[in-house]
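Breakdown of the fold
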Amino acid sequence: MEPDRSLSSLSYVRGGMTETLPDSNSMARKRTGNHRMLKSAGRKSVFITGAASGMGRATALLFAQHGWFVGAFDVNQPGLDALEREIGADNGHFGVLDVANADAFSRAMSAFSGATGGKLDLLMNNAGIAVEGMFDEISWEDVMKVINVNLIGVMIGIRAGMPLLKATPGSLCLTTSSSSAIWGTGGIAVYSATKHAVRGLTEALSVEFQRYGVRAADLLPGLIDTAILGDTMRAMAPEEGMWRLTPPSAVAEATWAAYHENKLHWYVPAELKDFDVEVTAFPERVRDERAQMFGFAQ
């Protein structure tokens, strides 16, 4: 009889010990009698970077609840361990991954491919970091660290995932951009630059990938209540409106909707689309308002 693959039946501890997290080189297939069965067992699959916390974790949990096979990758081993216990070892493939390391990403994708038979319904390039500070005052090391994770890591991930996406009908390449890709945010200029680049990349790929039948889209979250949100932005967040603190679950729900629809940009919350319109129409006004907000207005 096929084992029950619900979250509740698979989130357990054996013999008082937590199941061991498989590494990227572990066997992705298991034998049942004389038949070789994929670990994903034919389920739809999602590959998520930055999955150990925040938006990535919320998305992993939501898709697992919907019966998907979850590839969860992050640099945060304890966070991945906790996620695996909650989702269940048989419901996903979990691995430590530095997205800026092309060789490591290739190995992670290869291991995931072994678990899914070379299929990938949704690639979520979500890993990202931010360094607060004025552009001319932060270190060059921090500048490159943000670029390598937020932009280079995204490009590496897309190229690693393309063979699987091309082999999967209806697949989606989804990348987490930011409301900072609507208007560059003072105090996190390099982060804003990478998110503008990710948005531009997504728009270009949404055209290029049509020759393969692969979709491309992005998420533009506002102030999401996660660890990446700096103290300055958190303190400035109002209680309501488009810049209110929004839970990570809202991004997970947008990701779920993105797979089932064919929209290019997903604003979280949806009111941010109005801000996008305003920025296009009145950029100088937005510039002056932001300078006044930071106390920089002349």
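Computed from a prediction, not measured in an experiment: that's the story for all the values here. (Residues numbered from 1 in each chain as written. Predicted model: local features only at pLDDT ≥ 70, side-chain atom pairs only at ≥ 80, totals over all residues. Heavy atoms only, no water.)

Describing helix α8 (residues 248-260)
Helix length check: α8 (13 residues) gives 19 Å between terminal C-alpha atoms against 18 Å at 1.5 Å per residue, within 8%. Turning to α8, its buried residues are P248, V251, A252, A254, T255, A257, A258 and Y259. For α8, the secondary structure elements touched by its buried residues are α2 (54-65), β6 (122-125), β7 (172-176), β8 (215-221) and β9 (265-268). (Helix = DSSP H or I, 4+ residues; strand = E, 2+ residues; numbered from the N terminus. Expected span 1.5 Å × (residues − 1). Buried < 20%, exposed > 50% of the residue type's maximum accessible area, 1.4 Å probe, protein only. Contact = heavy atoms within 4.5 Å.)

Some words on the pattern of salt bridges
Throughout the structure, instances matching the rule amount to seven salt bridges. Between E86 and R57 there is a salt bridge whose closest N-O contact spans 2.5 Å. Separated by 29 residues along the polypeptide, E86 in helix α3 (residues 77-87) and R57 in helix α2 bring together distant segments of the chain. Assessed through its relative accessible area of 21%, R57 is described here as partly exposed. With a closest N to O distance of 3.7 Å, K145 and D142 form a salt bridge. (Salt bridge = Lys/Arg side-chain N within 4 Å of Asp/Glu carboxyl O.)

Topic: the pairing of β8
When you tally the buried positions in β8, you get seven out of seven residues, the bulk of the element. Of the two faces of β8, the one holding R215, A217, L219 and P221 and the one holding A216, D218 and L220 are both buried throughout. Note that the unit made of β7, helix α6 (residues 189-208) and β8 has a crossover that is right-handed. Here β8 pairs with β9 via four bridges, running parallel. Bridging across to β9, P221 finds its partner in V268. (Right-handed = clockwise from strand over helix to strand, strands pointing away. Pairing = 2+ DSSP bridges.)

A word on the sheet that holds strand β5 (residues 92-96)
Pairing within the open sheet is parallel, and its seven strands lie in the order β5-β4-β3-β6-β7-β8-β9. Among the strands making up the open sheet, the edge pair consists of β5 and β9. With direction set aside, neighbouring strand axes in the sheet form an average angle of 15 degrees. Contacts from helix α4 (residues 102-116) reach β3 (45-49), β4 (69-74), β5 and β6, with the element oriented near 160 degrees to β3. The strands touched by helix α5 (residues 140-166) are β6 and β7; relative to β6, the strand with the most contacts, the crossing angle is about 175 degrees. (Axes fitted to C-alpha atoms, helices over the stretch in contact; angles between N-to-C directions.)

Notes on the packing of aromatic side chains
This model, assessed by the stated rule, comprises nine aromatic pairs. Measuring from centroid to centroid gives 4.3 Å for F47 and F73, while their planes differ by 15 degrees, and the two rings are stacked. Note that F47 is positioned in strand β3 and F73 in strand β4, a separation of 26 residues in sequence. Residue F47 shares its accessibility class with F73, and that shared class is buried. On the numbers, 5.9 Å between centres and 65 degrees between planes, the contact of W68 with W256 is edge-to-face. Here W256 lies in helix α8 and W68 lies in the loop between α2 and β4, a separation of 188 residues in the sequence. Exposure remark for W256: the relative accessible area of 22% places this residue in the partly exposed category. Taken together, the ring pairs in this structure connect F47, F69, F73, F105 and F112 into an aromatic cluster. (Phe/Tyr/Trp six-rings, centres within 6.5 Å; stacked < 30°, edge-to-face > 60°.)

That is the geometry; function is a separate question.
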